[in-house]
Amino acid sequence: MNFQFFSPTKIFFGPLGQYANEFDGFGKRALIVTGRSSAANGSLGDTIDALNQNSIAYEVFDKIEENPSTQNVQDAANAGIDFGAAFVVGVGGGSPLDAAKAAALLINNKDRDASTFYDPSPFTNKTASVLAIPTTAGTGSEVTPFAILTRHDAQTKGSIPHLVYPDKAFLCPKYTATLPKQLAVNTALDALCHLTEGYLTSKANPYTDMLAEGGLVAFGGLKGDLVSHNFNEDVRTRLLLASTLAGLVITHTKTSLPHQMGYALTYHHNVHHGAACGLLLADYLKIQPETKKTQKILGLLGFAGFDELKKWIRGLLNSTITLTDAEIERYSKESYEKIQKAGTHPGDVGLEDIKKIFYGI
Ligand code: NAP
Ligand code: FE
């Protein structure tokens, strides 16, 4: 057996105020990269307080879109460059966190622009430091090195090929209290997909398996809360812990078909990322070659079979999305090419398998 495990992000759990001194040491000028909601849930105010306590000047860029585009990231990076930012603080859901990572890379590589993220040539300089403060419990982006951007040139979403690990992640369940209930459900399903896909990819290792199993057990205990929209502090704490754990898993394993396929539902049909992956999850499990592991997943979550899992997810999402045969044909071909390139599916996966999953939604 050969494997490596490397997760350099230092994680802090609890009220941000008690960790204010952790903002010291990255430079005296910071760019805050965020969306609109952080002003209302306390995360932006707490971040500014922490920066002020360390006499760090800051610029706020609060125009990050959902599923941020390369251009949106360029705008954030330009704000940081104009301000002379030495480091970046991402505050928000996966969209601002991913944008913060990508902007940090541009800030230290002024000869490059966001349209060249996907070019094969490497960036010369190391990224500027990133601190991450999640306000959703789903993506795990606060610990992963991935930045997933919308590429209008390719009409899809995809991770930039550069790895940007946040230096520090500050987890505080207070910030997820303001999440609209359906968004809390959708983001939770993203974390569940990370755990499940990560457990099954060909890159899984004994440590990621242990983490994924722990996360799946945690989700098993949250099934009813997601149905009844019970997002009290205890539930939000457990969701945040599980989603960051899931981030540690995919850092090593990457994701798999539900994510590759889900990008088409998000790009072309505006389905939230977590909901898009969730819709595909049960039928994806059915085509897995590794039946021992899929049975284990069902057992850890407490479902009798794939259909029971599917019924639970359908109940959570109430999705009305329908795809035409032509759309399924197109998205399946694209997903097939991507999964072949990624090489994360354990065993052979055929175009017909992928179509079957799309027809299942
Ligand atoms: P999001 O796109 O960051 O946010 C969705 C919506 O929720 C936005 O309107 C956002 O508003 C709002 N919101 C965020 N926190 C809130 C809060 N506490 N209260 C009220 N509203 C809040 O959603 P997400 O699911 O967290 O992130 C999805 C993105 O992450 C996708 O682009 C996906 O591809 C990516 N992703 C990345 C990784 C990774 O490893 N890097 C893994 C999985 C997914 P504002 O933004 O305007 O504040
Ligand atoms: Fe995801």
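These numbers come from a predicted model, not from an experiment.

### Quick word on the nonpolar core
Ranked by size, the top nonpolar core spans 63 residues in total, and within it Phe-219, Leu-239, Leu-257, Leu-265, Leu-309, Trp-312 and Phe-358 carry the most contacts. Both domain 1 (10-175) and domain 2 (181-360) contribute no fewer than three residues apiece to this core. Contact partners of Leu-309, with chain neighbours within four places excluded, come to Ala-282, Leu-285, Leu-298, Leu-301 and Phe-303. Val-33, Leu-106, Ala-114 and Val-164 belong to the second largest nonpolar core, which has 28 residues in total.

### Notes on the packing of aromatic side chains
By the definition in use, this model includes 11 aromatic pairs. Considering the side-chain rings of Phe-3 and Tyr-207, the 5.5 Å spacing of their centres and the 85 degrees angle between planes classify their relative orientation as edge-to-face. With Phe-3 in the segment before β1 (10-13) and Tyr-207 in helix α6 (residues 206-220), this pair connects stretches of sequence that are 204 residues apart. Owing to a relative accessible area of 35%, Phe-3 belongs among the partly exposed residues under this scheme. The rings of Phe-12, Tyr-19, Phe-23 and Phe-170 are connected pair by pair, giving a single aromatic cluster. Lying across the ring of Tyr-118, Arg-151 places its NZ or CZ 4.0 Å from the centre. Positioned above the aromatic ring of Phe-303, the side-chain terminus of Lys-223 is 4.9 Å from the ring centre.

### Some thoughts on the domain arrangement of the chain
Taken as a whole, the chain is organised into domain 1 (10-175) and domain 2 (181-360). In this structure, domain 1 and domain 2 have C-alpha centres spaced 25 Å apart. For the pairing of domain 1 and domain 2, the buried interface totals around 2,100 Å² over both sides, and the portion due to carbon and sulfur atoms is 65%. If you look at where domain 1 meets domain 2, you find zero salt bridges. Linking domain 1 to domain 2 there are eight residue pairs in polar contact (both at pLDDT 80 or more). Put simply, the parts of the chain that give the side of domain 1 that touches domain 2 at least two residues each are β1, β6 (148-151) and β7 (156-159). No other element matches the three residues that β6 contributes to the side of domain 1 that touches domain 2.

### Quick notes on helix α5 (residues 181-200)
One full turn of an α-helix is made of 3.6 residues, so residues set three or four places apart face in the same direction. Here α5 spans 29 Å end to end across 20 residues, near enough to the 28 Å set by a 1.5 Å rise per residue. Across the 20 residues that make up α5, a large majority, 17, are buried.

### Some remarks on the site of ligand 1
As a matter of local geometry, ligand 1 sits amid 30 residues, with Ser-37, Ser-95, Asp-98, Thr-136 and Thr-144 nearest to it. One of the side-chain N or O atoms of Ser-37 is found 2.5 Å from an oxygen atom in ligand 1. Between a nitrogen atom of ligand 1 and a side-chain N or O atom of Asn-41, the distance comes to 3.2 Å. For ligand 1, whose accessible area on its own is 930 Å², the fraction buried by protein is 92%. With five residues, the top contributor of residues to the shell around ligand 1 is helix α4 (residues 94-107). A per-class count over the shell around ligand 1 returns seven nonpolar, 17 polar and six charged. Two domains each donate at least three residues to the shell around ligand 1, and these are domain 1 (10-175) and domain 2 (181-360).

### Digging into the packing of α5 against helix α12 (residues 306-317)
Relative to each other, α5 and α12 sit at 145 degrees, their axes nearing to 10 Å. Contacts from Gln-182, Val-185, Asn-186, Leu-189 and Leu-192 of α5 reach α12 at Trp-312, Ile-313, Leu-316 and Leu-317. Its residues assigned to classes, the contact of α5 with α12 shows seven nonpolar, two polar and no charged.

### As for the coordination of the iron ion (ligand 2)
Four donors placed tetrahedrally about a metal ideally form angles of 109.5 degrees, and six donors placed octahedrally ideally form angles of 90 or 180 degrees. Within the protein, the atoms that donate to the iron ion (ligand 2) are Asp-190 (OD), His-194 (NE2), His-259 (NE2) and His-273 (NE2), at distances of 2.1 to 2.2 Å. Each of the four donor atoms bound to the iron ion (ligand 2) contributes to angles spanning 80 to 168 degrees, and the resulting shape is irregular. Every donor residue of the iron ion (ligand 2) comes from the same chain, spaced as D-x3-H-x64-H-x13-H. In this pair, His-194 is assigned in helix α5 and His-259 in helix α9 (residues 257-269), connecting sequence segments 65 residues apart. The buried category is assigned to His-259, whose relative accessible area is 2%.

How each quantity is defined
Residues numbered from 1 in each chain as written. Chains lettered and ligands numbered in written order. Predicted model: local features only at pLDDT ≥ 70, side-chain atom pairs only at ≥ 80, totals over all residues. Heavy atoms only, no water. Core = buried A, V, L, I, M, F, W, Y, C linked by side-chain atoms within 4.5 Å. Buried < 20%, exposed > 50% of the residue type's maximum accessible area, 1.4 Å probe, protein only. Domains from an automatic or database assignment. Contact = heavy atoms within 4.5 Å. Phe/Tyr/Trp six-rings, centres within 6.5 Å; stacked < 30°, edge-to-face > 60°. Helix = DSSP H or I, 4+ residues; strand = E, 2+ residues; numbered from the N terminus. Lys NZ or Arg CZ within 6 Å of the ring centre and 35° of its normal. Buried area = accessible area lost by both parts, 1.4 Å probe. Salt bridge = Lys/Arg side-chain N within 4 Å of Asp/Glu carboxyl O. Polar contact = N/O pair within 3.5 Å; in protein donor to acceptor, adjacent residues only side chain to side chain. Expected span 1.5 Å × (residues − 1). Near = heavy atom within 4 Å. Areas by Shrake-Rupley, 256 points an atom, 1.4 Å probe, with all protein chains shown as cover. Nonpolar A, V, L, I, M, F, W, Y, C, P; charged D, E, K, R; others polar. Axes fitted to C-alpha atoms, helices over the stretch in contact; angles between N-to-C directions. Donors = N, O, S within 2.8 Å, 3.2 Å for Na, K, Ca; no water. Tetrahedral: all angles 85-135°; square planar, octahedral: opposite > 155°, others 65-115°.

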